[in-house]
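Secondary and tertiary structure notes
In case you want the letters, here they are:
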Amino acid sequence: MPGTITIAAAQMGAIQKNDTRSSVAQRIQHQIEKAASRGAQLIVFPELCLTPFFPRWYYETLDEADQWFEDQWPPRGLEAALQKARELNIMVQISYAEKTPDQHRYNTASLIFSQGSAIMKYRKIHLPGHAEYIPERPLQHLEKRYFEIGDLGFPVERLNLKNVGEFNIGMLLCNDRRWPEAWRVLGLQEVDIVLIGYNTPVANLDVTHNQPPHLKVLHSNLSVQAGCYQNNCFGVSVAKAGVEDGHAMFGSSIIVNPFGEIIARSSTWNDELIIADCDLSLCQVNRSSTFNFEAHRRPEHYQRIVEQTGSIRPKNTIQA
Ligand code: CDV
């Protein structure tokens, strides 16, 4: 049975268009040092933590958007921060726009193990928004233009960490957290900790319905709390927050336990560290009772989940 791991969620305030990479790298290094000094063994940064959330801007060609992509490892300017993490023996998850040597572009998260040599990678699967400029939208969300759908599935790796023991870790990125299928694929691999970075605007993306900001936070928390409870895992859900290029993002980073309870939450829209001691033995409680998948799941009745994408209403109407 694994023990307790101390995890830091490093919420980041806005990154503006003109911010230099070295200033962003310094912010990241500062949080790594602070987290390590508070005993954290793992620190998690938000989605696209090296750049502004550039999919809100329309570029006619992909080449023009390439200024926001990383085509090398480690990403430009991060060498010192990652070296510091190695010295401090802390695992780091960063997320960034990735351009591969064969010209594929992904919205990617990488977990760098404490020894610094090995990484685990996830490429975002649920890409929200649209691929073309839509003039009537108050805010563009062009992830479908700039990124391909992740090609790695939802991987879970088994790690062995000194003083903690063996545990299983997986990742999601932003919109993925709203999809129960993504969580369940991780849950079916006995994931103990799910790392999630996000950029979620306060403004409405749906022009047909005006959702008040408090619902945005509710839906974000609801998704992570349900995902953790139903899949017996901790969730570390980390925001890019604050006003970026005039657009507010609601922040509200949280760490959630396997009972669905929020055990740490951010209170600002700035760079802010929240830390929790996560007792991984708690993952076994419902894994061996309410959510013992082997005993209780009925996959023979779940075909629609994998065979169908859109919803289909019943054929016949009953006069009631
Ligand atoms: N970066 C994201 O994936 N953001 C979405 C927005 C578009 C709603 C999210 O689900 O938070």
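For the structure itself, consult the block above.
Now for a look at the structure at hand.

Parameters at a glance
Every chain begins its residue count from 1, and numbering advances along the sequence as written. Only residues with pLDDT of at least 70 are given local features in this predicted model, and only at 80 or more are side-chain atom pairs given and counted; all residues enter the totals for whole chains, interfaces and linings. Just so you know, side-chain values use all the structure's heavy atoms and leave hydrogens and water out. Put simply, DSSP marks the helices as runs of H or I at least four residues long and the strands as runs of E at least two long, and each gets a number from the N terminus on. Here the globule rule is a power law, 2.2 Å times the number of residues to the power 0.38, and the radius of gyration is based on C-alpha atoms. By definition, residues are in contact when any of their heavy atoms lie within 4.5 Å. To measure how exposed things are, a 1.4 Å probe is used in the Shrake-Rupley method; for residues, cover is taken only from the protein chains shown. When charges are tallied, Lys and Arg are placed among the positive residues and Asp and Glu among the negative ones, while His and the ends of the chain are skipped. By convention, the point assigned to a charge is CZ for Arg, NZ for Lys, CD for Glu and CG for Asp. Salt bridges are defined as contacts in which a side-chain nitrogen from Lys or Arg sits within 4 Å of a carboxyl oxygen from Asp or Glu. Think of it in three bands: residues with accessible area under 20% of the maximum for their type are buried, residues over 50% are exposed, and the middle band is partly exposed, with areas taken using a 1.4 Å probe on protein chains only. In this description, strands pair whenever DSSP reports at least two bridges between them. Lines fitted to C-alpha atoms define the axes here, with helix axes fitted over just the stretch in contact, and angles between the N-to-C directions of these axes take values from 0 to 180 degrees. An arc is given here, and it is the one of the directions from the helix axis to the C-beta atoms. Whether a residue is near a molecule or strand depends on its heavy atoms: it is near if one of them lies within 4 Å of it. Here a polar contact is taken to be a pair of N or O atoms separated by no more than 3.5 Å, where protein atoms must pair a possible hydrogen donor with a possible acceptor and residues adjacent in sequence count only if both atoms sit in side chains. Only protein atoms enter the 1 Å grid used here, on which a cavity is any set of points holding a 1.4 Å probe that cannot leave and a pocket is any open set flanked by protein within 12 Å on both sides along at least five of seven lines; residues with an atom within 4 Å of a point are listed as lining. Should more than half of a molecule's atoms lie within 2 Å of a pocket's or cavity's grid points, that molecule is taken to sit in it. Each angle gets one of four labels, with under 35 degrees taken as roughly parallel, over 145 as roughly antiparallel, 65 to 115 as roughly perpendicular, and the rest as oblique. Handedness of a crossing follows from how the near helix is turned relative to the far one, being left-handed for an anticlockwise turn of less than a right angle and right-handed for a clockwise one. Polar here means any residue other than Ala, Val, Leu, Ile, Met, Phe, Trp, Tyr, Cys and Pro, which are nonpolar, and Asp, Glu, Lys and Arg, which are charged; Gly is therefore polar. For patches, a residue must show more than 30% relative accessible area and have no salt bridge; joins then use 9 Å for like charges and 5 Å for nonpolar side chains, namely Val, Leu, Ile, Met, Phe, Trp and Tyr. Residues belong to one nonpolar core when they are buried, are Ala, Val, Leu, Ile, Met, Phe, Trp, Tyr or Cys, and are joined through side-chain atoms within 4.5 Å.

**Focus: the overall build of the chain**
- A count of helices and strands for the chain gives nine helices and 15 strands.
- Radius of gyration (C-alpha) of the chain: 20 Å, near the 20 Å computed for a compact globule of 320 residues.
- Long-range contacts, defined as pairs at least 24 residues apart, comprise 68% of the intrachain contacts of the chain with a sequence gap of at least 6.
- Carbon and sulfur atoms make up 51% of the accessible area of the chain, which totals about 15000 Å².
- Between the mean site of the 31 positive side-chain charges and the mean site of the 35 negative ones, the chain shows a separation of 3 Å.

**Description of the pattern of salt bridges**
- Per the stated rule, a full pass over the model turns up 17 salt bridges.
- Between Arg27 and Asp271 there is a salt bridge whose closest N-O contact spans 2.8 Å. Of this pair, Arg27 sits in helix 1 (residues 21-37) while Asp271 sits in the loop between strand 14 (262-265) and strand 15 (272-279), and the two are 244 residues apart along the sequence.
- For Asp192, the salt bridge is made with Arg287, and the minimal N-O distance between the two is 3.1 Å. Remark: Arg287 occurs in helix 7 (residues 283-287) and Asp192 occurs in the loop between helix 5 (180-187) and strand 9 (193-198); sequence separation between them is 95 residues. Comparing Asp192 with Arg287 shows no difference in burial state: the two are buried.
- Shared partners join several salt bridges into a network, and the residues in it are Asp63, Asp66, Lys99 and Arg105.

**Some points on the pairing of strand 8 (residues 165-173)**
- Most of strand 8 is tucked away, with seven of its nine residues classed as buried.
- As paired elements, strand 7 (residues 156-161) and strand 8 share six bridges and run antiparallel to each other. The residue bridging Asn160 from the neighbouring strand is Glu166, located in strand 8.
- In this antiparallel pair of consecutive strands, strand 7 and strand 8, the connection spans three residues, and Asn163 shows a positive phi of 70 degrees.
- Across five bridges, the pairing between strand 8 and strand 9 is parallel. The residue bridging Ile169 from the neighbouring strand is Ile193, located in strand 9.

**Quick word on the sheet that holds strand 8**
- Sheet architecture is open: six strands sit in the order 7-8-9-10-13-14, paired in mixed fashion. Among the strands making up the open sheet, the edge pair consists of strand 7 and strand 14. When strand polarity is set aside, the average angle formed by the axes of neighbouring strands in this sheet is 20 degrees.
- Most of the contacts of helix 5 go to strand 8, to which it runs at about 160 degrees, and overall it touches strand 7, strand 8 and strand 9.

**Quick notes on helix 5**
- For helix 5, the full list of buried residues reads Ala182, Trp183, Leu186 and Gly187. Across the axial projection of helix 5, the buried residues extend over an arc of 140 degrees, all falling on one side.
- In this structure, the buried residues of helix 5 make contact with strand 7, strand 8, strand 9, helix 6 (213-231) and helix 8 (293-296).

**Considerations on the site of the ligand**
- Around the ligand there are 13 residues in total, and Lys124, Cys174, Asn175, Arg178 and Thr200 lie nearest to it.
- Between the ligand and Glu47 there is a distance of 3.0 Å, counted from a nitrogen atom to a side-chain nitrogen or oxygen.
- At a separation of 3.2 Å, a nitrogen atom of the ligand approaches a polar side-chain atom of Glu143.
- Bound to the protein, the ligand loses 92% of the 320 Å² it would expose on its own.
- According to the grid-proximity analysis, the pocket containing the ligand is the second largest pocket.

**Focus: the packing of helix 5 against helix 6**
- It is at 9 Å that the axes of helix 5 and helix 6 come closest, and there the two elements cross at 30 degrees. Taken as axis vectors, helix 5 and helix 6 run roughly parallel relative to one another. By crossing handedness, the relation of helix 5 to helix 6 is classed as right-handed. Contacts from Trp183, Arg184 and Gly187 of helix 5 reach helix 6 at Ser223, Val224, Gly227, Cys228, Gln230 and Asn231.
- Among the residues forming the contact of helix 5 with helix 6, the class breakdown is three nonpolar, five polar and one charged.

**Considerations on a nonpolar patch on the surface**
- A cluster of nonpolar side chains, Tyr302, Ile305 and Val306, forms an exposed patch at the surface whose accessible area comes to about 320 Å².
- Following the sequence through the fold, Tyr302 ends up in the loop between helix 8 and helix 9 (303-307).

**Comments concerning the nonpolar core**
- Residues Ile5 and Phe167 are the most contacted members of the largest nonpolar core, which totals 44 residues.
- In terms of residue count, the dominant contributor to this core is strand 8 (five residues).
- In contact with Phe167, not counting residues within four places along its chain, are Pro2, Ile5, Met91, Glu157, Arg158, Leu159, Leu161, Asp192, Ile193 and Leu280.
- Val24, Phe45, Cys49 and Ile112 belong to the second-largest nonpolar core, a separate cluster that totals 25 residues.

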